[in-house]
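Structure at a glance
If you want the building blocks of each chain, they are given just below.
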Amino acid sequence: MRTTRRSTLIALGGTITLSTTAGCLGGSSNGSFPSDCDGTEVETVNSLPRPALGPEDAPVTVDVFEDFACGHCATFTTDVYPQIESTYIEPGEIRYRYFDCPIPVDENWSWRAASAARAVQDRTDAETFFSFAKGIYEEQARLGEDGYQFIREVADDNGVDGCTVATAAKEEAYREVVEADKQTGDDRGVPGTPAVFVDGEFIESYEWDTVSAAIDAQLE
Amino acid sequence: MDDSGPGRRDVLIATSGVLTVAGCTNSAAVESGYGTAYGDAYGSE
């Protein structure tokens, strides 16, 4: 039912500013689907709870919009998120909510990886979703090299059947869920990714100092 | 001679307003007005 789009590689060049820390994944459809996963079936899902951590009644809510193929999102997830987690989420001071927002930086993998992550969430819980997402961001470049196999391995590492998750990526089984998130981002004027909102207010930088200052201001 | 002014001004212009944090976006978003909150660096990818 789902179409698998295999388009040619699009090199996303781009100027890099002085403070740029990471580039975005070059578009590609590289990576053949693992033959031993052929025949795996997944259902199309059009609604799913939001991946979120921290108490629902936390005094501050942090919303983050990300694209799995965005290099800056990888930087945010690996450098900034762990500090947010230990400083605010684990002590229960914030409710941290994840929104998919495929720019798309990569017309294929931005969507596929998002569907894969939602497939993990659908079969486990929010904690495992974030763990899977971290695994993808940590080796993000592999999406453009052997994406399906990479997704399969990260899913297996998180205790979810890798073939099922790779199939969800291939068929974009959660595309409607992801598109709904993206629409939310559009409605809120998300200019790019990662986009961080603290209690609904857009934060002009995803750097730790800026984000933590905004959270602290709301906690005071 | 006071002809060193323009050169110094050029340097100041060249080094101002560049150190902003970038993010990922697309050209369509930039053209439609998105990205202003992140400064010129947004849209670099």
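Before reading on, note that the structure itself is shown above.
This section reports on the structure supplied with the text. Everything numeric in this text was worked out from a predicted model, so none of it was measured.

**Overview of the overall build of chain A**
Along the backbone of chain A there are seven helices and five strands. Secondary structure elements of chain A, listed N to C terminal, follow the sequence β-β-α-β-α-α-α-α-α-β-β-α. Residue burial in chain A is summarised as follows: out of 220 residues, 55% are buried. Accessible surface, chain A as shown: approximately 9,200 Å² in total, 43% of it carbon and sulfur.

**Some remarks on the overall build of chain B**
Scanning chain B from terminus to terminus reveals two helices and zero strands. Taken over 45 residues, chain B has a buried fraction of 27%. Of the roughly 3,100 Å² of accessible surface on chain B, 57% is carried by carbon and sulfur atoms.

**Quick word on the pairing of strand 4 (residues 195-198) of chain A**
All names here are of chain A. A two-sided burial pattern is seen for strand 4, the buried positions comprising Ala 195 and Phe 197 on one face and Val 196 and Val 198 on the other. Alignment of strand 2 (residues 60-66) against strand 4, held across four bridges, turns out to be antiparallel. Looking across to strand 4, one finds that Val 62 is bridged to Val 198. In terms of strand pairing, strand 4 meets strand 5 (residues 201-203) through three bridges, oriented antiparallel. Bridge pairing links Phe 197 to Phe 202 in strand 5. With antiparallel pairing between neighbouring strands as the criterion, strand 4 and strand 5 make up a hairpin whose turn holds two residues, including Asp 199 at a positive phi of roughly 50°.

**Digging into the sheet that holds strand 5 of chain A**
Residue and element names in this part refer to chain A. Spatially, the five strands line up as an open sheet ordered 1-3-2-4-5, and their pairing is mixed. The sheet is open, and its two edges are formed by strand 1 (52-53) and strand 5, each paired on a single side. Sitting on the sheet, helix 1 (residues 71-89) touches strand 1, strand 2, strand 3 (94-100) and strand 4, and the angle it makes with strand 3 is about 160°.

**A few points about the pairing of strand 2 of chain A**
All names here are of chain A. In terms of residue burial, strand 2 counts as a mostly covered element, since six of its seven residues are buried. The pairing of strand 2 with strand 3 spans seven bridges and is parallel. Directly across from Thr 61, in strand 3, lies its bridge partner Arg 95. You can see the chain leave strand 2, run along helix 1 and come back into strand 3, and the turn it takes is right-handed.

**Brief notes about the pattern of salt bridges**
All names here are of chain A. Applying the stated criterion across every chain, the model contains 11 salt bridges over all chains. For Asp 181, the salt bridge is made with Arg 50, and the minimal N-O distance between the two is 2.9 Å. Of this pair, Asp 181 sits in helix 6 (residues 175-187) while Arg 50 sits in the segment before strand 1, placing them 131 residues apart in sequence. Overall, the relative accessible area of 3% leaves Asp 181 in the buried class. Where Asp 63 meets Arg 188, a salt bridge forms, and the shortest distance between an N and an O atom there is 3.0 Å. With a gap of 125 residues between them, Asp 63 in strand 2 and Arg 188 in the loop between helix 6 and strand 4 connect regions that are remote in the sequence. Relative accessible area serves as the criterion here: at 4%, Asp 63 is assigned to the buried category. Accessibility expressed as a relative area gives 29% for Arg 188, which makes it partly exposed. Residues participating in the shared-partner salt-bridge network are Arg 50, Asp 100, Arg 118 and Asp 181.

**Looking at the nonpolar core**
Residue and element names in this part refer to chain A. Of all hydrophobic cores here, the largest spans 57 residues; its most connected members are Ile 84, Tyr 96 and Phe 132. When residues in this core are grouped by element, the largest group, eight residues, is from helix 1. In this structure Ile 84 touches Phe 76, Ile 89, Ile 94, Tyr 96, Trp 208 and Val 211, once residues within four positions along its chain are discounted. Residues Ala 119, Ala 168, Ala 173 and Tyr 174 belong to the second largest nonpolar core, which totals eight residues.

**What about the environment of Ala 114 of chain A?**
Residue and element names in this part refer to chain A. With respect to the element layout, Ala 114 can be found in helix 2 (residues 109-123). Its relative accessible area of 1% is what places Ala 114 among the buried residues. Distance in space between the C-alpha atoms of Ala 114 and Cys 101 is 8.9 Å, their sequence separation being 13 residues. Non-local contacts of Ala 114, meaning those with residues more than four positions away in its chain, are made with Phe 68, Asp 100, Trp 109 and Val 178.

**As for unusual backbone geometry**
All names here are of chain A. For the bond running from Ile 103 to Pro 104, omega is 0°, close enough to zero to count as cis. Summarising the element assignment, Pro 104 is placed in the loop between strand 3 and helix 2. Going from Thr 193 to Pro 194, the amide bond is cis rather than trans, its omega being -5°. Mapped onto the fold, Pro 194 is located in the loop between helix 6 and strand 4. Positive phi, close to 50°, is recorded for Glu 172, a residue that is not glycine. Looking at the secondary structure, you find Glu 172 in the loop between helix 5 (162-171) and helix 6. The exposure class of Glu 172 is buried, given its relative accessible area of 5%. In the Ramachandran plot, Asp 199 falls in the positive-phi region, its phi being about 50° despite a non-glycine side chain. Structurally, Asp 199 can be placed in the loop between strand 4 and strand 5.

Rules and cut-offs
- Residues numbered from 1 in each chain as written.
- Chains lettered and ligands numbered in written order.
- Predicted model: local features only at pLDDT ≥ 70, side-chain atom pairs only at ≥ 80, totals over all residues.
- Heavy atoms only, no water.
- Helix = DSSP H or I, 4+ residues; strand = E, 2+ residues; numbered from the N terminus.
- Buried < 20%, exposed > 50% of the residue type's maximum accessible area, 1.4 Å probe, protein only.
- Areas by Shrake-Rupley, 256 points an atom, 1.4 Å probe, with all protein chains shown as cover.
- Pairing = 2+ DSSP bridges.
- Contact = heavy atoms within 4.5 Å.
- Axes fitted to C-alpha atoms, helices over the stretch in contact; angles between N-to-C directions.
- Right-handed = clockwise from strand over helix to strand, strands pointing away.
- Salt bridge = Lys/Arg side-chain N within 4 Å of Asp/Glu carboxyl O.
- Core = buried A, V, L, I, M, F, W, Y, C linked by side-chain atoms within 4.5 Å.

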